[in-house]
2 protein chains.
Amino acid sequence: MEYSGFFSEDTFSFFRSPVREIFKKVDLNEIYSFAGGYPHASTFPLEDIKALSAAVIDKYGAKAFQYGATQGVPELRAAVSARYGVPVERVQITSSSQQGIDVCTRILVDPGDVILTSNPSYLGALQSFRSYRAELVGVQHDSDIAQWERKWRTAIEECLATGKKVKFLYMIPDFQNPSGETLDLEERKLLVSLAEEYDFLIVEDSPYRELRYEGEPVQTIYSLCPERVLHLGSFSKILAPGFRLGWIIGAPELLDRIYVCKQSLDLCPPIMDQYIAAEFMSSGMLDRNLAKSIDLYRTKRDLLLSLLEKYMPEGVSWTHPEGGLFLFLTLPEGFDTVKLYDRALAAGVAYVAGAFFCTDGSGLNTMRMNFSFLASERMEEGVRILAGLL
Amino acid sequence: MEYSGFFSEDTFSFFRSPVREIFKKVDLNEIYSFAGGYPHASTFPLEDIKALSAAVIDKYGAKAFQYGATQGVPELRAAVSARYGVPVERVQITSSSQQGIDVCTRILVDPGDVILTSNPSYLGALQSFRSYRAELVGVQHDSDIAQWERKWRTAIEECLATGKKVKFLYMIPDFQNPSGETLDLEERKLLVSLAEEYDFLIVEDSPYRELRYEGEPVQTIYSLCPERVLHLGSFSKILAPGFRLGWIIGAPELLDRIYVCKQSLDLCPPIMDQYIAAEFMSSGMLDRNLAKSIDLYRTKRDLLLSLLEKYMPEGVSWTHPEGGLFLFLTLPEGFDTVKLYDRALAAGVAYVAGAFFCTDGSGLNTMRMNFSFLASERMEEGVRILAGLL
């Protein structure tokens, strides 16, 4: 029997990359892990959730367990609408923000269509895009905005010259995964003007936006152009990943297509979980919990930065994120963090090789380091081991 | 801006059929509804779930809210494995059994490939298949098995003659949605022998199997040929739809592909919900609750059958399901239940037109009636109104 379908062999082989396989083989609690994008366990509001579970069952009864609206329960849509200042009819609840990426790609992209993105970009999004046989075009950031604009224009015009359709630009503008970098307002405006000029959409993926440890928030890309941007949010970093809940904010015309597509995927998001998330968000619990998470993560980021300073050899550089969960290391040319990975794991330390985030096989001398998951008291030993390998 | 993607316009227009639109417009609690596949609210074990939510948070702590394995948490896989007598490595947990349908189609089907199914068949599955641009070939049941076999062979050979690939046969063998019919053992064996002869897979969708009100269970198709059958199960009818949890049982080679695909869809199913479902299934609560649901639904089925007998005019016939949630009405030739629908809704009664379950535009004089949702004391008035319209 031959198994082949739209979810193609190419996709499979990419998904089978070592970065995914380790999550099958290794218990991240037993090593010094800078891999993954796991929140720290202490940030999960267990007592709040326990109280809310009981309260939601008392309040909603059977309604918390029946089929529900594909768009999400009204209470959660209203909570997202109120928190982010968008009309409720522009809010679709998703069963994880990964589903948000999947569903946007599914309604917008045909095989061979182009998706533009930063290079590097979020691995899980690249995997989803590849599974739809999209062509990925990645553009490296440039601190000179005129130079960055030239790179985007060159990339776009090369696509158009060969008759390809550019469907959307995918971007994580706040504390990017993997780089930790944040786009400033001028850079965001440039992306919007390119989207308008060349008539494509922007998918703004924003799971870390609320985890800011310093500096001032920059306007969302969505707020600059609400008709042309699909904004993806997530409860994974402000409540807990185990709920698998996220949201999409966008124009009603686009949400209507997403609604229809989501019906065929899973009919609706889990109901009790949505009521819990709604109460958590609208009652003030979220803000109290978030303040604690921000304090914890700021400390952990500062600790990792100081440890890198202390242990890393000459020639290694890294980003200084203002928020989020990650920073990005660049080693001297010639290093190969994919090859180094098995030795690192044998020595008890894990990271994610930067090449997996790149659209074009570059980034061999880079790696992503997560600072949210590993206990602070274990971080020094982890960095020491890693530095010893370099 | 033009929006088009793999999830095509054809699919959209089908999804926009009135059967889906009514769930946006009408509160099913305010009419006499024989539409939908909603369990009765009284079957949801609210007190059990409340107790289990607290117990699961105490037992698992932060683990109940962190990211989890894509295959599902080990405890839930073990519970499904033990209940259905299959090895745990053959169990994948899904975020709803609708996701099971979607993911099987996604890994197996390319545009233009053929999916065989009964005619009529489950609407949500047909929608998913169409969204992947599969060609649907439906075969009507025939009580003469030799005649039924001839129909399948003719359908298959017509596909093969035109160079098309038959990827799988989709079947709900127990208390089918919409017909309520159950395949006997000989019929199941025939499907397996056809799958072996023509080298395709069988997707056995079995959400109602445990809701049997009379007669003896028939072996699953999976048990007849574990290497060639993907068996889909659901918690929606044995716990509650609001959890959006189901499972796939199948060969490791196929589950491995499903695992990879599911990563790109939503990374993993919701964690606390899985722990609750695991405790519910393995503690005996499920069996106690199921016994009560079966008693309730048997009474409701018998009531609906007796009311149809009492009120339906000459020339109307219906199936006598041994379990599940539905029966299927056939009106005299010339009736059009799609056209009748607006008048029915205006009179306060809802059903689902049979044509929506058909692969080929047939079934205009049929309708699906659900007997699980509507309160027993309101059923007589609903049937009286419906009969009055015919």
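Residues numbered from 1 in each chain as written. Chains lettered and ligands numbered in written order. Predicted model: local features only at pLDDT ≥ 70, side-chain atom pairs only at ≥ 80, totals over all residues. Heavy atoms only, no water.

Another aspect to go through is the relation of the copies chain A and chain B. Rotating chain A by 180° and translating it 0.0 Å along the rotation axis places it on chain B, where the RMSD comes to 0.0 Å. Seen this way, the second copy is the image of the first under a two-fold rotation axis. Closest approach to the rotation axis within chain A is made by the C-alpha atom of S53(A), at a distance of 3.4 Å. Interface overlap between copies is the fraction of interface residues in one copy that are interface residues in the other; for chain A against chain B it reaches 99%, indicating a shared surface. (Least-squares fit on C-alpha atoms with pLDDT ≥ 70 in both. Contact = heavy atoms within 4.5 Å.)

Time to look at helix α10 (residues 252-266) of chain B. Residues and elements named next belong to chain B. With 15 residues, α10 should cover 21 Å at 1.5 Å per step; its first-to-last C-alpha distance of 20 Å lies within 8% of that length. Counting buried positions along α10 yields 12 of 15 residues, so the element is predominantly enclosed. When we look at burial in α10, the residues that qualify are L254, L255, R257, I258, Y259, V260, C261, K262, Q263, S264, L265 and D266. The first or second residue beyond α10 is L267, which carries a positive phi of 70°. (Helix = DSSP H or I, 4+ residues; strand = E, 2+ residues; numbered from the N terminus. Expected span 1.5 Å × (residues − 1). Buried < 20%, exposed > 50% of the residue type's maximum accessible area, 1.4 Å probe, protein only.)

Turning our eyes to something else, we now look at the interface of chain A and chain B. Opposite the 81 residues of chain A that make contact, chain B presents 80 residues. Roughly 7,000 Å² is buried in total at the junction of chain A and chain B, and carbon and sulfur atoms are behind 59% of that figure. Taken together, chain A and chain B are joined by six salt bridges. D58(A) is the partner of K50(B) in a salt bridge, and the nearest nitrogen-oxygen pair spans 2.6 Å. Seen at the junction of chain A and chain B, the total is 26 residue pairs in polar contact (both at pLDDT 80 or more). Secondary structure elements with two or more residues in the side of chain A that touches chain B: α1 (9-15), α2 (18-25), α3 (46-60), α5 (97-108), α6 (123-131), α10 (252-266) and α11 (271-282) of chain A. With 11 residues, α10(A) is the single largest residue contributor to the side of chain A that touches chain B. (Buried area = accessible area lost by both parts, 1.4 Å probe. Salt bridge = Lys/Arg side-chain N within 4 Å of Asp/Glu carboxyl O. Polar contact = N/O pair within 3.5 Å; in protein donor to acceptor, adjacent residues only side chain to side chain.)

Before going further, it helps to examine the confidence of the model for chain A. Looking at chain A, pLDDT values average 94 and 94% of them are 70 or higher. In the model output, the complex is listed with pTM 0.96 alongside ipTM 0.96. (pLDDT = per-residue confidence, 0-100.)

Another aspect to go through is the sheet that holds strand β6 (residues 201-205) of chain A. All names here are of chain A. The strand order across the open sheet formed by seven strands is β2-β8-β7-β6-β5-β3-β4, and the pairing between neighbours is mixed. With one partner strand each, in any of the chains shown, β2 (91-94) and β4 (135-139) form the two edges of the open sheet. The mean inter-strand angle of the sheet, taken between neighbouring strand axes irrespective of direction, is 20°. Relative to strand β5 (residues 166-171), strand β3 (residues 114-118) is paired through four bridges, and the arrangement is parallel. Following the sheet pairing, L116 is matched in β5 by L169. Strands in contact with helix α4 (residues 74-84) are β2 and β8 (246-249); relative to β2, the strand with the most contacts, it is inclined by about 120°. (Pairing = 2+ DSSP bridges. Axes fitted to C-alpha atoms, helices over the stretch in contact; angles between N-to-C directions.)

It is worth spelling out the packing of aromatic side chains at this point. Counted by the stated rule, this structure contains 24 aromatic pairs over all chains. Consider the rings of Y60(A) and Y275(A), whose centres lie 3.7 Å apart with planes at 10°: the pair is stacked. Pair noted here: Y60(A) is in helix α3 and Y275(A) is in helix α11, with a separation of 215 residues, a long-range link. On the basis of relative accessibility, which here comes to 13%, the residue Y60(A) falls in the buried class. For Y275(A), a relative accessible area of 3% corresponds to the buried category. Ring centres 5.2 Å apart and planes at 80° place the aromatic pair F129(B) and Y170(B) in the edge-to-face group. You can see F129(B) sitting in helix α6 (residues 123-131) and its partner Y170(B) sitting in strand β5 (residues 166-171), a full 41 residues away along the chain. For the pair shown, F129(B) and Y170(B) are each scored as buried. Taking NZ or CZ as reference, R378(A) lies 4.4 Å from the ring centre of Y32(A), over its face. (Phe/Tyr/Trp six-rings, centres within 6.5 Å; stacked < 30°, edge-to-face > 60°. Lys NZ or Arg CZ within 6 Å of the ring centre and 35° of its normal.)

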